[in-house]
Amino acid sequence: MKQLLFILTLLIATVTVEAQNDSLSSKLVFNGDFRFRAEQDWDSRKSDGTYREDRSRLRYRLRAGATYKHKWYEAGLRLRTGNPNKQQDPQLTVGDGFGEFNTLPIGLEKAYFQGKWETFKFWVGKNTYPFIKSNELFWSDNVFPEGVAVEKTFNLSSGIVDAISLTGGHFIVATSNESFNKDAYFQGFQMSLNALNNRLTLFPSIYIFKNIPNIPDGNDTFLLDYAILHIGTRVNLLNRVPLRMELDYYRNLTDYSDNDSIPDNFKDERSGYVVGLKYGALRNKGDWRASASYAWLERYSAVDFLAQNDWARWDYSAFDSPDGRLTNLKGIELAISHNIDKKLSLTMKYYVVEQLIPFGIAKENGSRIRFDIDIKI
């Protein structure tokens, strides 16, 4: 709360000074959105071979923020509902433990300062994941890293290559209150290349994770390092038809063969890939979009509690953590969306997932269907 009050005070002070010479309404932009979700899970087997009870839930999410833009810089913040200990999931379940219609948990999702000059951009604070990605299977849209990011774009006049962008950043997962190298941190470096009149996008990346706990939220038993090579590709397949293919390949280059804390059958589980097809886009009233994705993600191809937790009901609740653990899986996602209005859309998603290597005597699995109503405020 003290952090929130400080940021609000700083933003208001900046706005007050600038408003003496300029119109405040032209520089301060408010934004928000609301989601309501109906969800059904079934056929969810646990690692001991028993099945979880089928589950029906009604859920919702509210986000609200403000951005102050002036010349070359901007400052912004955004609040959201959600369990503050569950960074992957801002949704709240109707009737889930808040007691006799009690108040709801709300947290600060974004708080940042950003500068931009022509083809150079940077931000500091807590902000949106700065690297290009096609899905949430490596990094959830609901996880906002804290640190510093920089980006430089080179616009080219080549008949083949349109532009090249270089992006880098250093983000602290958990501070040690000692030297930076003892923090739990994440560093990313990405080169993105647009070619063939934006029909082809390539974005090779390397992601370095240091001192990451094996279990989130303070119940870890050892720390892990990751060095994940990511090769991402998007291809617009047809000139006049909005059909796009997406391919992501991940390879963790860290060797765990001498790590006695990792079971032998998981030591080389370090690769993954995602293949997807998307048709259409959601820009205007009446637009449709459909997609199909197949994922194969081995145990250490990503940091599971920073990736999505949508595909299945697998989490760290046995270790008193609400975070999801969605690597070590194969499965599909089918989705279709429709814009009823430019600010109102409907989405249905269907998932079928199975574990690659069991943690117990049986492979976990699960099926899920979701219906979302999204409203921009």
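Our subject is the structure listed above.
The paragraphs below set out a description of the structure included in this document. If you're wondering where the values come from, they're calculated on a predicted model, not measured in any experiment. (Residues numbered from 1 in each chain as written. Predicted model: local features only at pLDDT ≥ 70, side-chain atom pairs only at ≥ 80, totals over all residues. Heavy atoms only, no water.)

## Re the overall build of the protein
Within the protein, the regular secondary structure consists of 1 helix and 18 strands. A globule of 377 residues ought to have a C-alpha radius of gyration of about 21 Å, and the protein, at 22 Å, matches this closely. Along the first, second and third principal axes, the C-alpha atoms of the protein reach 70 × 60 × 55 Å. Among the 377 residues that make up the protein, the fraction classed as buried is 46%. Look at the contacts in the protein between residues 6 or more apart in sequence, and 59% of them connect residues 24 or more apart. Carbon and sulfur atoms form 57% of the exposed surface of the protein, whose accessible area is close to 19600 Å². The distance from the centre of the 47 positive side-chain charges to the centre of the 46 negative ones in the protein is 7 Å. (Helix = DSSP H or I, 4+ residues; strand = E, 2+ residues; numbered from the N terminus. Rg over C-alpha atoms; globule rule 2.2 N^0.38 Å. Buried < 20%, exposed > 50% of the residue type's maximum accessible area, 1.4 Å probe, protein only. Contact = heavy atoms within 4.5 Å. Areas by Shrake-Rupley, 256 points an atom, 1.4 Å probe, with all protein chains shown as cover. Lys, Arg positive; Asp, Glu negative; His and termini not counted. Charge placed at Lys NZ, Arg CZ, Asp CG, Glu CD.)

## Overview of the pairing of strand S6 (residues 120-126)
Pairing geometry for strand S5 (residues 106-117) and S6, over 7 bridges, is antiparallel. Opposite Ala111, over in S6, you have Lys126 as the bridge partner. In this antiparallel pair of consecutive strands, S5 and S6, the connection spans 2 residues, and Glu118 shows a positive phi of 50°. As paired strands, S6 and strand S7 (residues 146-155) are joined by 7 bridges and run antiparallel to one another. Looking at S7, one finds that Val124 is bridged to Val148. (Pairing = 2+ DSSP bridges.)

## Focus: the nonpolar core
Ranked by size, the top nonpolar core spans 41 residues in total, and within it Phe138, Trp139, Phe186, Tyr207, Phe209 and Tyr226 carry the most contacts. Of all the secondary-structure elements, those providing two or more residues to this core are strand S9 (184-195), strand S11 (205-213), strand S12 (223-236), strand S15 (288-297) and strand S17 (344-355). Setting aside anything within four residues of it in sequence, one finds Trp139 in contact with Tyr129, Lys133, Pro145, Phe186, Phe209, Leu306 and Ala307. (Core = buried A, V, L, I, M, F, W, Y, C linked by side-chain atoms within 4.5 Å.)

## Description of the side chain of Glu74
Here Glu74 shows up in strand S3 (residues 73-81). Reaching out from Glu74, the side chain makes a polar contact with the side chain of Tyr112 at a distance of 2.7 Å. Among all residues touching Glu74, those that are not within four sequence positions of it are Thr67, Tyr68, Lys69, Tyr112, Phe113 and Gln114. (Polar contact = N/O pair within 3.5 Å; in protein donor to acceptor, adjacent residues only side chain to side chain.)

## Notes on the side chain of Asn328
Relative to the assigned elements, Asn328 resides in the loop between S15 and strand S16 (329-341). Side-chain polar atoms of Asn328 contact the backbone oxygen of Ile357, separated by 2.8 Å. Excluding anything up to four places from it in sequence, Asn328 contacts Phe266, Leu297, Glu298, Arg299, Trp314, Glu354, Gln355, Leu356, Ile357 and Phe359.

## Brief notes about unusual backbone geometry
Non-glycine residue Leu196 carries a positive phi angle of around 55°. Assignment of secondary structure puts Leu196 in the loop between S9 and strand S10 (200-202). The class of Leu196 is partly exposed, set by a relative accessible area of 45%. One non-glycine residue, Asn328, adopts positive backbone phi at about 55°.

## Focus on a nonpolar patch on the surface
A contiguous nonpolar surface patch, about 520 Å² in accessible area, is contributed by Phe36, Leu58, Val94, Ile340, Leu346, Ile373 and Ile375. Within the element layout of this structure, Ile373 appears in strand S18 (residues 365-376). The exposure class assigned to Ile373 is partly exposed, which follows from its relative accessible area of 35%. (Patch = residues over 30% accessible without salt bridge, like charges linked within 9 Å, V, L, I, M, F, W, Y side chains within 5 Å. Salt bridge = Lys/Arg side-chain N within 4 Å of Asp/Glu carboxyl O.)

## A closer look at the environment of Ile208
Residue position: Ile208 is located in strand S11. Ignoring anything within four residues of it in the chain, the contact list for Ile208 reads Tyr185, Phe186, Gln187, Tyr226 and Ala227.

## Quick look at the environment of Leu224
By the secondary structure assignment, Leu224 is in strand S12. Here the alpha-carbon distance between Leu224 and Tyr300, two residues 76 residues apart in the chain, equals 9.9 Å. Setting aside residues no more than four positions away along its own chain, Leu224 makes contact with Phe209, Lys210, Asn211, Ile212, Tyr256, Asn259, Ile262 and Tyr300.

## Thoughts on the pattern of salt bridges
Summed over all chains, the structure comprises 27 salt bridges. A salt bridge links Arg368 to Asp41; the shortest N-O distance between them is 2.5 Å. Separated by 327 residues along the polypeptide, Arg368 in strand S18 and Asp41 in strand S1 (residues 28-42) bring together distant segments of the chain. Asp89 is the partner of Arg59 in a salt bridge, and the nearest nitrogen-oxygen pair spans 3.0 Å. Highlighted residues: Arg59 in strand S2 (residues 55-70) and Asp89 in the loop between S3 and strand S4 (92-93), separated in sequence by 30 residues. Taking the relative accessible area as the measure of exposure, Arg59 reaches 3% and is therefore buried. On the basis of relative accessible area, Asp89 is assigned to the buried category, the value being 5%. Each of Glu39, Asp41, Arg55, Arg57, Asp310, Arg368 and Arg370 takes part in a single network of salt bridges with overlapping partners.

## A few points about the packing of aromatic side chains
Applying the stated criterion across every chain, the model contains 28 aromatic pairs. Ring centres of Trp123 and Phe171 lie 5.8 Å apart, and the angle between their planes is 35°; this geometry places the pair in the tilted category. Of this pair, Trp123 sits in strand S6 while Phe171 sits in strand S8 (residues 161-174), and the two are 48 residues apart along the sequence. An identical accessibility class is assigned to Trp123 and Phe171; each is buried. The ring of Phe154 carries the charged tip of Lys152 above its face, separated from the ring centre by 5.5 Å. (Phe/Tyr/Trp six-rings, centres within 6.5 Å; stacked < 30°, edge-to-face > 60°. Lys NZ or Arg CZ within 6 Å of the ring centre and 35° of its normal.)

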